[in-house]
Amino acid sequence: MIWKTAWKNIWRNKIRSLVVIISITIGIFGGVFAVAVMNGAIDQRVDAALNEEISHIHMNDPAFRDNYDIRLTLDNPDRLLDTIEATPGVVAVTFRTIITGMANTATKSTGVQIVGIDPEKEKSVFTLYKTTIPGTGSFFEEESRYNQAYIGEDLAKELNIIRYIVDDAVLDTLAAKGVPQSVTDKLKAFIDYHFRSEKSFKQEIKNVLNANEQREYGSMILDAAWSFRERSRMTLTFLDKNQVQTGAVFRIAGIFDVRNSMYEMSQVLVKNSDLVPLTGLTPDQFHQVIIKVDDMQSAPAIKAALAKKFPGLEILDWKEIQPDLAMMTDMIEQFYAIFMIIILAALAFGIVNTMLMVVLERTKELGMLTAIGMNKKKVFSMIMLESIFLSLVGGVVGMGISQAIIGLTARNGINFSNYQEGLEALGYTSHIYPVISPSFFILVTILIIITGVLSSIYPALKALKLDPAEALRTE
Amino acid sequence: MSNFIMAWRNLWRNRRRTFITSASVLFAVFFALFFRSLQLGSYDHMFKNAIESYTGYIQVQQKDYWDEKIVDNTFTYDSDLDQQLLADNNVEATIPRFESFALASNGPQTKGVLVMGVDPEKEQHLSKITDKMVKYRLTEESINRIKQDADVPQKVKELALLFKDNAYTNSSRLQLDLGISDKDAPLVMPAIETYSRFENGSINLREPGVLVGNKLAEYLKLGIGDTIVLIGQGYHASTAAGKYEIKGIVKIPLPDIDNKIVYLPLDICQELYNAPGNLTSLALAVHDNSDKAIEATINRIENVVSGEQRIIGWREMNEVMVSQMDADNKSGMIMIGILYLVIAFGVFGTVLMLTAERKREFGVLVAIGMQKKKLATIMTSEMLLIGLLGMLAGSLVATIVILYGVDHPIIFKGSMAKMFEDYGMEPKMVFMGINTYFLWQMFIVALMVLLSISYPVRKIFGMKVVNALRA
């Protein structure tokens, strides 16, 4: 009965209620959507880290991670493999040889981590092979009599393996994509010139095109002129097991793009069969076991089970390997909650004001109700319910809109390409698919109800203080 | 004037409502200012760290060096250029550098490092290497001595264990990490300083020897007096290789640099890379580092350098960081935008109530001859006053907090500090003092009020007096 009255009361002054409801709708939508974008970015980061970069559990010599000493190997993989695979929850296992070294081309050199792998096993643990840039080759699919290396896009740029070239074919592609003649004519100035860096190419484009053309066609031109020199080579050098400098020429098998500059710059994947003969190690020696498990949350438990079986090794789960990732996934929910609380606190002011208005406007009516025997508790709960309904209507509409917009944007993602460089340096992609867990909606609903209750207390107390005799006399 | 008095009196007819509406504006303004101050302050601090310990505000480089950082893209250092640059009012000093990449090793440990040839005296104008020398270190031995000291409180001993192997460039950070209050400091600190003192050396021109970053030293297991081997690519594809003694260990506040930096005396470094007399960059220390002054300086010295060289500003040298800050800054602005939007609706709600409540009053006023324009002005002043009240109060509270915060940055102690350091951040949050971002809040609040006022103003002008009187 009181519920119904409260509900009907809200709609007595439609405009006033609608203003509050709309403000709550907008506040909740803004908050939830912003959280969904942040959450999407973090989810994608975690996903990429676990599927492409680190996987779930690492096992190595206890001192290995201190400085990647080539001599700190694990021996006899088959014996380890049987025990690991027998552990419940383990999905796939791969072994890696990891060596610190230098990658050189004719003009450039940079420090890298040379990772020796078995491509087939690697594919069962990591999805890195799926990130090969089309046209650059593959993840060791092609047999070759040369040594092969699989490297990141940023490293390829750094080593001048990727260049920018405008030739007739590029101009034709651009024309086919609808770039006007006036623009392609301007690009003819660079025909067959090899730009060795993205930056210098961009700079030159800036000089010939006006701002409008740059905005419209800039990224299209960059994509079209992006050129990979086939059969590119680089030299990998490092110190072998006996501290003797060694190295060999590697051909680029393929180039990957994981949208994380640090990873792309530092990792060079090569086949163990190519690497091991150079190192002075034997084929059954390697540095790290990488284990994929069925559920990322169960990694710590599986790690503990493995630790019992291999007391002499260092075994780490992903939370220990990347503490920043763990800290973020653990703390971010609290941050979301604080963010929503600040928004709701701002909304509360509007609700208090409206409810106060409701009470003062209905002085006579409330006096009458008390006079004919409605007890104080009922008056109090009526006001409180009105406030809760008001907040909930706005909240539910806001959450509904958020869900709809999240659904829409999640299909194609949102591209923050202006911030690509900065985001990728932190390991985040600039193409974000917003996502939110259903439990967040429950949290928000609870917070909305609490806001409704809290902001009705003051107005409801005001209503209680009314003296029925006095109230009846007011106009 | 009378309009204003009328508006002022009207405000206090419903005190409660005025207070609540103003309070909502206060809330938004306070939060907006507080967060902006922290956000802008931390950007500023990060940039200062990056610029002052590494790139500097302005550099002169060979024209292709920035795009392709190889030893071949260097230029000859001549005193003419130096004199001309120093002639500029804003240039405090020129700091010659030779930077390159090399593979460093100490026995079985190998790592790619950033080799930087510097003139230690001139670096005092910019990166101040001497201030970054490690002075204290909580080694196992020093922790044991701390443990045995009966005067040291138990809590400090526990924290010392948490910060095992940490290096410090000054005793105040050491004091904070160990959670020692200023009151206890004179009692305990001298002893702890003695236990954890780290004997460090320095480098000088013409004397072979290197300084290495603290993280790098840890990784390569290097101590003072050890030898480091550097192998790289020299001038015109020659091989650059050399063996140097570690003279000292520095701690750079940028983890990315700290784990790969090797400082060499400039001339020794040029020798290593077979490029005597050449520089990769000439960094400039400036008197005035405001954006405006930097830009003006760059414009002035453009003429000084030859066509073979170029001037490059800090923004371009820290492009990635600028882009990150930009993204973070925009997201902060969106959050504040949402907050203001919500508050704007609250203000609009108040306006709506005011109008509905006083419909009859408006009718009477107009009926007895008040101009609609005057009425609208009063109404507008009323709402502007509410906004102004909230904004002034919010700014006042925020100013007090921010001014206090500027002098007392939030510095984390103990285990909280450890968490920040593990994350690669300085355990410190810095506020930005009063600046143009204050003006923005005023502008937004004014805009918010003016938008919501358009409703009653339209109502007043469209009002039919007869209907209004009957309301």
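Going by the structure above, here's the rest.
Below you will find a few notes about this structure.

1. Side note on the interface of chain A and chain B
And step 1. Contacts between the two partners involve 59 residues from chain A, matched on the other side by 51 residues from chain B.
And step 2. Contact between chain A and chain B buries roughly 4,800 Å² in total, counting both sides, with carbon and sulfur atoms accounting for 70%.
And step 3. Applying the counting criterion to the chain A and chain B interface returns zero salt bridges.
And step 4. Counting every contact that joins chain A to chain B gives seven residue pairs in polar contact (both at pLDDT 80 or more).
And step 5. Of all the secondary-structure elements, those providing two or more residues to the side of chain A that touches chain B are helix H2 (14-53), helix H3 (64-67), strand S3 (90-104), strand S4 (109-117), helix H9 (198-208), helix H15 (323-361), helix H18 (420-425) and helix H19 (438-465) of chain A.
And step 6. Considering each element in turn, the side of chain A that touches chain B owes the most residues, 18 residues, to H15 of chain A.

2. With respect to the packing of aromatic side chains
Residue and element names in this part refer to chain A.
And step 1. Applying the stated rule across the entire model yields 31 aromatic pairs over all chains.
And step 2. Here Trp3 and Phe389 contribute two aromatic rings whose centre-to-centre distance is 6.1 Å and whose plane-to-plane angle is 55 degrees, an arrangement assigned as tilted. Remark: Phe389 occurs in helix H17 (residues 376-412) and Trp3 occurs in helix H1 (residues 2-10); sequence separation between them is 386 residues.
And step 3. Since its relative accessible area comes to 15%, Phe389 is described here as buried.

3. A word on helix H12 (residues 291-301) of chain B
Residues and elements named next belong to chain B.
And step 1. The complete set of buried residues in H12 reads Ala293, Ile294, Thr297, Ile298 and Ile301. Buried residues along H12 cover an arc of 135 degrees about the axis, so they all sit on one side. Across H12 from its buried face, at more than 90 degrees, point the exposed residues Lys292 and Glu295.
And step 2. Looking at the buried residues of H12, the elements they touch are strand S1 (58-62), helix H3 (79-86), strand S3 (91-106), strand S12 (281-286), strand S13 (309-313) and helix H13 (314-317).

4. Overview of the nonpolar core
And step 1. Within the largest apolar cluster, 191 residues are counted, with the highest numbers of intra-cluster contacts made by Ile84, Val289 and Ile291 of chain A together with Ile228, Leu230, Tyr263 and Leu264 of chain B.
And step 2. If we ignore the near neighbours within four places in the chain, the residues touching Tyr263 of chain B are Ser53, Met116, Val118, Ile129, Ile203, Gly209, Val210, Leu211, Val250 and Ile252 of chain B.
And step 3. Grouped together as the second largest cluster of nonpolar side chains are 44 residues, Ile162, Val179, Phe201 and Ile205 of chain A included.

5. Points about a negative patch on the surface
And step 1. Together, Asp75, Asp78, Asp82, Glu85 and Asp284 of chain A make up a region of like negative charge exposed at the surface.
And step 2. By the element assignment, Glu85 of chain A lies in helix H4 (residues 77-85).

6. Here's the deal with the sheet that holds strand S7 (residues 194-195) of chain A
All names here are of chain A.
And step 1. Read across the open sheet, the three strands follow the order S7-S6-S8; overall the sheet is antiparallel. Each edge of the open sheet is held by one strand with a lone partner, namely S7 and strand S8 (226-228).
And step 2. Relative to S8, strand S6 (residues 162-165) runs antiparallel, the two being bridged by three bridges. Counterpart to Ile162 in the pairing with S8 is Phe228.
And step 3. Sheet strands touched by helix H10 (residues 211-225): S6 and S8. Its angle to S8, the strand with the most contacts, is close to 15 degrees.

Rules used throughout
- Residues numbered from 1 in each chain as written.
- Chains lettered and ligands numbered in written order.
- Predicted model: local features only at pLDDT ≥ 70, side-chain atom pairs only at ≥ 80, totals over all residues.
- Heavy atoms only, no water.
- Contact = heavy atoms within 4.5 Å.
- Buried area = accessible area lost by both parts, 1.4 Å probe.
- Salt bridge = Lys/Arg side-chain N within 4 Å of Asp/Glu carboxyl O.
- Polar contact = N/O pair within 3.5 Å; in protein donor to acceptor, adjacent residues only side chain to side chain.
- Helix = DSSP H or I, 4+ residues; strand = E, 2+ residues; numbered from the N terminus.
- Phe/Tyr/Trp six-rings, centres within 6.5 Å; stacked < 30°, edge-to-face > 60°.
- Buried < 20%, exposed > 50% of the residue type's maximum accessible area, 1.4 Å probe, protein only.
- Arc of directions from axis to C-beta.
- Core = buried A, V, L, I, M, F, W, Y, C linked by side-chain atoms within 4.5 Å.
- Patch = residues over 30% accessible without salt bridge, like charges linked within 9 Å, V, L, I, M, F, W, Y side chains within 5 Å.
- Areas by Shrake-Rupley, 256 points an atom, 1.4 Å probe, with all protein chains shown as cover.
- Lys, Arg positive; Asp, Glu negative; His and termini not counted.
- Charge placed at Lys NZ, Arg CZ, Asp CG, Glu CD.
- Pairing = 2+ DSSP bridges.
- Axes fitted to C-alpha atoms, helices over the stretch in contact; angles between N-to-C directions.

Interpretation in functional terms is not warranted from these geometric data alone.
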